[in-house]
Amino acid sequence: MNEGRLFHDFASGETMDAPALLGKMEDMDARAAAKLFIELAGIRPGEWSASNPRPAYVPPVVKEEPHEKPILPNLGPFSETERQALADLRGLSLEAVNMTYRRGLLHGLWWRGSRAWAITDRERWNCQWRRLDGERWERNDSEHKFKSWGVKRQGAARPRPGWPVGITETVGVSHVAFVEGGPDLLAAFHFIHLARRGGIVAPVAMFGTSRIDALALPMLAGKRIRLFCHADEASLEAGTKRPGLEAAARWQEQLLAVGCIVDTWDFSGLARHDGAPVADLCDYANLCAEDYEREKANLDSIMIFE
């Protein structure tokens, strides 16, 4: 919409420009949000005009520091039985899990005595793995538990936190489903399969809310991208912040700067079959009966964006 410069909330039907979206996230009125947006953009009032246009975007020069790939756990095959178990666990189609496996993005491993599934790609900058039984790993120093594990920095060997997993799969593809986390990558394949868009749309996943790695951005330049942000609620740990939505706003800004056409799919106001609010794309595949009927058309077309 408007060459990707507007944010559309598919749940409420509301359309916003960047200052309005900022105001909604920060709970500001329009005047305060516009002022903050200008400050964040580094623009002084009246600086750019028709007679004095803003300079064209020039990608920053990225200095590549010598480093090594992070050390990944011992990844291996993931059997058909295990793929079916993962599909059942996440409420997704087996074909979606098989598509992820055939693309070389899904792997099996043993970790701390439990069978797990891992998402990574041929670049091996990032990897995230979770227990196949859906349980969490115990922590030695806390009553809290890990739902997922990822590679850590170890000396020169370190991951790129902002490297989108699966980005090499976007070569030659004009449309990208941009998600956060391994489960949503599986869900993206689920909806791509439903829409029969396997040769048109390629999914990529960010692990966490870091900015997109500057070295990865040129691979996405000029593409048509749909962001599936996490509709996370403010928590005690995060205060009033909503990391998923704020990360999506940052990613959209970066993608627009390299000529992408971007829209964002919001899941606010929907419920899963267990009554919990829908927070991400994987939850969206497990809607309650009432919301399923209301969203039926979108479920088949969510990966059709032109």
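I will try to describe carefully the structure that is included in this document. Keep in mind that what you see is a predicted model, and the values were worked out from it rather than measured.

1. Digging into the environment of Val173
Within the secondary structure, Val173 sits in the loop between β8 (149-150) and β9 (175-180). Judged by its relative accessible area of 13%, Val173 is buried. Remark: the alpha-carbon pair of Val173 and Lys223, spanning 50 residues in sequence, is separated by 8.1 Å. Apart from the residues lying within four places of it in its own chain, the contact partners of Val173 are Ile200, Val201, Ala202 and Lys223.

2. Describing the sheet that holds strand β12 (residues 261-265)
Taken in spatial order, the four strands line up as β10-β9-β11-β12 in an open sheet, and their pairing is parallel. One side of each edge strand has no neighbouring strand; the edge strands of this open sheet are β10 (201-206) and β12. The average angle at which neighbouring strand axes cross in this sheet is 25°, direction not considered. With five bridges connecting them, strand β11 (residues 224-228) and β12 associate as parallel partners. Across the sheet, Arg226 pairs through a bridge with Asp263, a residue of β12. Here helix α7 (residues 243-257) sits on the sheet in contact with β9, β10, β11 and β12, set at roughly 170° to β11.

3. Topic: the packing of helix α3 (residues 80-90) against helix α4 (residues 94-102)
Their axes nearest at 8 Å, the elements α3 and α4 cross at an angle of 125°. With respect to each other, α3 and α4 are oriented oblique. Between α3 and α4 lies a crossing of right-handed hand. Within the contact between the two elements, α3 uses Arg83, Gln84, Leu86 and Ala87 and α4 uses Leu94, Val97, Asn98 and Tyr101.

4. Examining the pattern of salt bridges
Here the structure, examined in full by the defined rule, presents 14 salt bridges. Notably, a salt bridge pairs Arg224 with Asp263, separated by 3.1 Å at the nearest N-O pair. With Arg224 in strand β11 and Asp263 in strand β12, this pair connects stretches of sequence that are 39 residues apart. Owing to a relative accessible area of 8%, Asp263 belongs among the buried residues under this scheme. One network of salt bridges, with partners in common, ties together Arg224, Arg226 and Asp263.

5. Examining the sheet that holds strand β4 (residues 114-119)
One open sheet accounts for four strands, arranged β3-β4-β5-β8; its pairing is antiparallel. Both edges of this open sheet fall to β3 (106-111) and β8, since each of them pairs with a single strand only. Judged from the two bridges that link them, strand β5 (residues 128-131) and β8 form a sheet pairing that is antiparallel. Bridged to Gln128 within β8 is Gly150.

6. Details of α4
Regarding α4, the residues found buried are Ala96, Val97, Asn98, Met99 and Thr100. Where the residues of α4 are buried, they touch α3, β3, β4 and α5 (182-194). Taken from the residues just after α4, Gly104 is the one with a positive phi, measuring 80°.

7. Overview of the pairing of β9
Within β9, six of the six residues are buried, which leaves the element mostly enclosed by the surrounding structure. Relative to β10, β9 runs parallel, the two sharing six bridges. Along β10, the bridge assignment pairs Glu180 with Met206. Viewed along the sheet, the connection from β9 through α5 into β10 turns out right-handed. Pairing of β9 with β11 involves four bridges; the strand directions are parallel. Its bridge partner lying in β11, His175 is registered against Arg224.

8. A short note on the environment of Leu86
With respect to the element layout, Leu86 can be found in helix α3. Distance from Leu86 to Leu186, taken between C-alpha atoms, is 9.7 Å for residues 100 residues apart in sequence. Leaving out residues up to four positions away in the same chain, Leu86 has contacts with Phe78, Val97, Leu106, Trp117, Leu132 and Leu186.

What counts and how
Residues numbered from 1 in each chain as written. Predicted model: local features only at pLDDT ≥ 70, side-chain atom pairs only at ≥ 80, totals over all residues. Heavy atoms only, no water. Helix = DSSP H or I, 4+ residues; strand = E, 2+ residues; numbered from the N terminus. Buried < 20%, exposed > 50% of the residue type's maximum accessible area, 1.4 Å probe, protein only. Contact = heavy atoms within 4.5 Å. Pairing = 2+ DSSP bridges. Axes fitted to C-alpha atoms, helices over the stretch in contact; angles between N-to-C directions. Parallel < 35°, antiparallel > 145°, perpendicular 65-115°, else oblique. Left-handed = near helix turned anticlockwise from the far one by under 90°. Salt bridge = Lys/Arg side-chain N within 4 Å of Asp/Glu carboxyl O. Right-handed = clockwise from strand over helix to strand, strands pointing away.

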